[in-house]
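Observations on the model geometry
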Amino acid sequence: RLSCQNSVEVQPIIDSTNSELMRRIQQGEALDSGQVLVAEMQQAGRGRRGRVWQSPFGANLYYSYYWRLDDGLQAAMGVSIAVGLAVYDAIEALYGLSVELKWPNDIYLNGRKLAGVLVELEGQVEGPCHLVIGIGINLQMPENASKGIDQPWTDLASHTHSLDKNVLVAQLTHSLAQRLSLYEKSGLTAMVEQWNKVNAFANEMVTLSTGMRTWRGICEGIDPQGGIVLRQDGELKSYYGGEISLRKD
Ligand code: ATP
């Protein structure tokens with residue numbers, strides 16, 4: 001049986017669960033590691049690089065998890081990898097479905113986007129670092145609510161009948177706590193191989209782009225620091241950075 005001892009706050013309507021936790025941190029409020037904020041609807045759900053996360057009222061999950069790392073920003077680099085695996089664990093444990101992970105932090109099911117992750121940080125290079133880990137998972141996308149999504153998407157209700165949002169919140173919180181503690185103890189050591197097994201674009205030709213520059217190559221997986229490795233003209237090269245977007249050619 002799963003028990004969730006973390007504090008889970010539920011708000012009906014909010015701009016963005018990540019924005020709310022970031023505001024609290026910036027105002028100096030003391031948050032507890034493992035604290036969770038969930039909303040029924042987001043009026044300004046965010047993805048990376050100013051993109052919108054469609055967040056209609058309904059069954060979908062809009063979730064943020066707070067975690068404090070004592071080792072500064074340096075240690076935060078691989079967090080997206082650990083978080084992707086936590087989402088993988090939760091969905092596998094509850095529904096027996098195996099999602100695929102797209103670097104750095106998207107979750108696909110049968111080649112369609114099921115969930116998004118947005119990790120935001122507040123801290124110095126040295127000293128404590130506050131992490132806000134936002135996760136949006138499509139449970140049952142209401143009719144007509146998907147108009148703003150410009151890529152193939154899916155929801156859990158299309159793949160399983162036994163959906164219970166409370167159970168998902170408890171399982172996700174549990175999986176995140178496990179993965180993040182492991183990450184704090186031993187970094188990505190134990191996770192690189194696991195991540196590479198569920199890499200959505202393994203051995204595919206892909207393009208990385210920052211908006212300013214692009215790089216093409218065969219996607220080999222992640223390196224020990226969580227960077228993405230491309231094979232380009234026979235040579236392996238790693239790329240890092242939260243602002244890089246990866247697309248299959
Ligand atoms: P990419 O666009 O390559 O997936 P990204 O990581 O930058 O990269 P995110 O920031 O995670 O994308 O999410 C924003 C994008 O996800 C939007 O541009 C839109 O295409 C898509 N999207 C928005 N809302 C949803 C949703 N509820 N379900 C699935 N996809 C969504």
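Nothing here was measured: the structure is a model prediction, and the numbers come from that model. (Residues numbered from 1 in each chain as written. Predicted model: local features only at pLDDT ≥ 70, side-chain atom pairs only at ≥ 80, totals over all residues. Heavy atoms only, no water.)

**Here we look at the pairing of strand S8 (residues 205–209)**
Note the following rule: When a residue's accessible area, from a 1.4 Å probe over protein chains only, is under 20% of the maximum for its type it is buried; when over 50% it is exposed; and in between it is partly exposed. We count a stretch as a helix when DSSP gives it H or I for four or more residues in a row; a strand needs E for two or more, and each element gets its number in order from the N terminus. Two strands make a pair as long as DSSP finds a minimum of two bridges between them.
Across the five residues that make up S8, a large majority, four, are buried. Sheet topology note: the S8/strand S9 (residues 214–222) ladder contains five bridges and is antiparallel. Looking across to S9, one finds that valine 206 is bridged to glycine 217. The turn linking S8 back onto S9 is made up of four residues, and glycine 211 within it adopts a positive phi angle of 95°. As defined by bridge partners, S8 adjoins strand S12 (residues 245–248) across four bridges and the pair is classed as antiparallel. Paired with leucine 208 across the two strands is leucine 246, which belongs to S12.

**Focus: the side chain of glutamine 35**
Put simply, the rule reads: Pairs of N or O atoms are called polar contacts if they sit within 3.5 Å, as long as, within protein, a hydrogen donor faces a hydrogen acceptor (for residues adjacent in sequence, only side-chain-to-side-chain pairs). Working rule for contacts: check all heavy atoms of both residues, and any pair within 4.5 Å makes them a contact.
Mapped onto the elements, glutamine 35 comes out in the loop between helix H1 (17–26) and strand S2 (36–42). Given the relative accessible area of 14%, glutamine 35 is considered buried. Among the polar contacts made by the side chain of glutamine 35, one reaches the main-chain amide nitrogen of aspartate 32 at a distance of 2.8 Å. The residues contacting glutamine 35, other than those within four sequence positions of it, are Ser7, Arg24, Ser64, Tyr65 and Tyr66.

**Considerations on the environment of glycine 84**
By the element assignment, glycine 84 lies in helix H2 (residues 79–95). For glycine 84, a relative accessible area of 5% translates into the label buried. Each C-alpha atom, one on glycine 84 and one on lysine 102, is 8.7 Å from the other, the two residues being 18 residues apart in sequence.

**Quick look at the nonpolar core**
Rule in force here: Here the nonpolar core consists of buried residues drawn from Ala, Val, Leu, Ile, Met, Phe, Trp, Tyr and Cys, with membership extended through side-chain atoms lying within 4.5 Å. Residue ranges assigned to the domains are those given by an automatic or database domain assignment.
With 59 residues, the main nonpolar core has Tyr63, Ile135 and Ile137 as its most contacted residues. Element by element, the count of residues in this core is highest for H2, at 11 residues. Composition of this core by domain shows at least three residues from each of domain 1 (8–196) and domain 2 (201–248). Apart from the residues within four sequence positions on either side, isoleucine 135 is in contact with Leu61, Tyr62, Tyr63, Val83, Val87, Gly116, Val117, Leu172 and Leu176. The next biggest cluster of nonpolar side chains, apart from the first, holds nine residues, and it includes Met22, Ile25, Ala39 and Tyr66.

**Comments concerning the sheet that holds strand S6 (residues 112–123)**
For clarity, the threshold we go by: Note on method: axes are straight lines fitted to C-alpha atoms, helices fitted across the in-contact stretch only, with angles between N-to-C directions ranging 0 to 180 degrees.
If you walk across this open sheet you meet the seven strands as S1-S2-S3-S7-S6-S5-S4, and the pairing is mixed. Because the sheet does not close on itself, it has two edges, and the strands there are strand S1 (8–14) and strand S4 (100–102). Neighbour-to-neighbour, the strand axes of this sheet turn through a mean angle of 20°, independent of strand direction. Here S2 runs beside strand S3 (residues 61–69); their pairing, made up of four bridges, is antiparallel. Each residue of the ladder has a partner; that of alanine 39, found in S3, is tyrosine 62. With respect to the sheet, H1 is in contact with S1, S2, S3, S6 and strand S7 (129–137), its orientation differing from that of S3 by roughly 30°.

**With respect to the domain arrangement of the protein chain**
How we decide: Accessible area, probed at 1.4 Å, shrinks when two parts are joined; the buried area is that loss added up over both. Take a side-chain nitrogen of Lys or Arg and a carboxyl oxygen of Asp or Glu: if they are within 4 Å of each other, that pair is a salt bridge. Classes in brief: Ala, Val, Leu, Ile, Met, Phe, Trp, Tyr, Cys and Pro nonpolar; Asp, Glu, Lys and Arg charged; the others, Gly included, polar.
On domain assignment, one finds that the protein chain holds domain 1 (8–196) and domain 2 (201–248). Across the boundary between the two partners, domain 1 contributes 14 residues, which contact 21 residues of domain 2. Ranking the residues of domain 1 by area buried against domain 2 places Arg49, Lys102 and Trp103 at the top, with a combined share of 48%. Our count for the contact surface shared by domain 1 and domain 2 stands at zero salt bridges. Inspection of the domain 1/domain 2 interface yields six residue pairs in polar contact (both at pLDDT 80 or more). The element that contributes the greatest number of residues to the side of domain 1 that touches domain 2 is helix H4 (residues 192–197), accounting for three residues. Looking at the side of domain 1 that touches domain 2 residue by residue, the class counts come to seven nonpolar, three polar and four charged.

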